Amino acid sequence: QVQLLEFGGGLVQAGASLKLSCLPSASIFSRNTMEWYRQAPGKHRELVAIIASSGNTNYADSVKGRFTVSRDNAKNTVYLQMNSLRPEDTGVYYCHAPRFDSWGPGTQVTVSS
């Protein structure tokens with residue numbers, strides 16, 4: 001059963017922007033912290049950004065100042081705005097609901113140099 005779904009990834013040039021979306025089920029989304037992870041080829045899965053139900057956020061040092069996580073509670077949607085993309089940002093990006101340890105299937109982001 002699909003509980004989370006990510007989309008918005010793609011192949012872009014360094015310096016470009018992408019906006020990812022995560023659509024959890026209403027029960028998963030409601031009043032819960034949501035997270036974005038990514039996994040580059042041959043590397044561990046890395047926590048990128050966190051957003052609480054209140055809107056409070058935190059980011060990995062590697063993306064601070066470039067990425068912005070947000071949520072639209074009326075639409076049950078979480079976003080990750082990714083600016084000034086670098087080749088090292090390449091990977092599969094996953095939406096995660098830590099309360100339920102629920103993961104989406106991921107969306108591929110590839111940044112060429």
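Below, the structure is looked at part by part. As the structure is a prediction and not an experimental result, all values here were calculated from the model. (Residues numbered from 1 in each chain as written. Predicted model: local features only at pLDDT ≥ 70, side-chain atom pairs only at ≥ 80, totals over all residues. Heavy atoms only, no water.)

## What about the state of the cysteines?
Then, in step 1: Under the definition given, this model contains one disulfide.
Then, in step 2: Between the sulfur atoms of C22 and its disulfide mate C95 the distance is 2.0 Å. Taking the sign of the S-S torsion, -85 degrees for the link of C22 and C95, the bridge is left-handed. Of this pair, C22 sits in strand β3 (residues 18-22) while C95 sits in strand β9 (residues 91-97), and the two are 73 residues apart along the sequence. (Disulfide = S-S within 2.5 Å. Helix = DSSP H or I, 4+ residues; strand = E, 2+ residues; numbered from the N terminus.)

## Let's talk about the side chain of R71
Then, in step 1: On the secondary structure map, R71 appears in strand β7 (residues 67-72).
Then, in step 2: It turns out R71 is buried and unbridged, and the closest side chain with the opposite charge, D72, is 8.6 Å from it.
Then, in step 3: A polar atom in the side chain of R71 sits 3.4 Å from the backbone oxygen of I51.
Then, in step 4: Within the structure, the side chain of R71 is placed 3.3 Å from the backbone oxygen of A52, a separation counted as a polar contact.
Then, in step 5: Not counting residues within four places of it along the chain, the set of residues in contact with R71 comprises F29, N32, T33, M34, I51, A52, S53, T77 and V78. (Buried < 20%, exposed > 50% of the residue type's maximum accessible area, 1.4 Å probe, protein only. Lys, Arg positive; Asp, Glu negative; His and termini not counted. Salt bridge = Lys/Arg side-chain N within 4 Å of Asp/Glu carboxyl O. Polar contact = N/O pair within 3.5 Å; in protein donor to acceptor, adjacent residues only side chain to side chain. Contact = heavy atoms within 4.5 Å.)

## Notes on the environment of F7
Then, in step 1: Its location among the elements puts F7 in strand β1 (residues 6-7).
Then, in step 2: When the C-alpha positions of F7 and A97 are compared, they lie 16 Å apart, and in sequence the two are 90 residues distant.
Then, in step 3: In contact with F7, other than residues within four places in its own chain, are K19, L20, S21, L23 and T107.

## Overview of a nonpolar patch on the surface
Then, in step 1: Judged by side-chain polarity, L5, F7 and L23 come together as a nonpolar surface patch covering roughly 250 Å² of accessible area.
Then, in step 2: Structurally, L5 can be placed in the segment before β1.
Then, in step 3: With a relative accessible area of 39%, L5 lands in the partly exposed category. (Patch = residues over 30% accessible without salt bridge, like charges linked within 9 Å, V, L, I, M, F, W, Y side chains within 5 Å. Areas by Shrake-Rupley, 256 points an atom, 1.4 Å probe, with all protein chains shown as cover.)

## Notes on the packing of aromatic side chains
Then, in step 1: As enumerated under the stated definition, the model contains two aromatic pairs in all.
Then, in step 2: Both rings, one in Y37 and one in W103, keep their centres 5.0 Å apart while their planes meet at 65 degrees; by these two values the pair is edge-to-face. Taken as a pair, Y37 in strand β4 (residues 34-39) and W103 in strand β10 (residues 102-103) lie far apart in primary sequence, 66 residues in all.
Then, in step 3: Summarising the aromatic geometry, the rings of Y94 and W103 are spaced 6.3 Å apart at their centres and angled 90 degrees between planes, so their arrangement reads as edge-to-face.
Then, in step 4: W103 sits in the partly exposed class, given a relative accessible area of 31%.
Then, in step 5: Cluster of aromatic residues (ring-pair linked, three or more members): Y37, Y94 and W103.
Then, in step 6: In this arrangement the basic side chain of R45 is found over the ring face of W103, its NZ or CZ atom lying 4.7 Å from the centre. (Phe/Tyr/Trp six-rings, centres within 6.5 Å; stacked < 30°, edge-to-face > 60°. Lys NZ or Arg CZ within 6 Å of the ring centre and 35° of its normal.)

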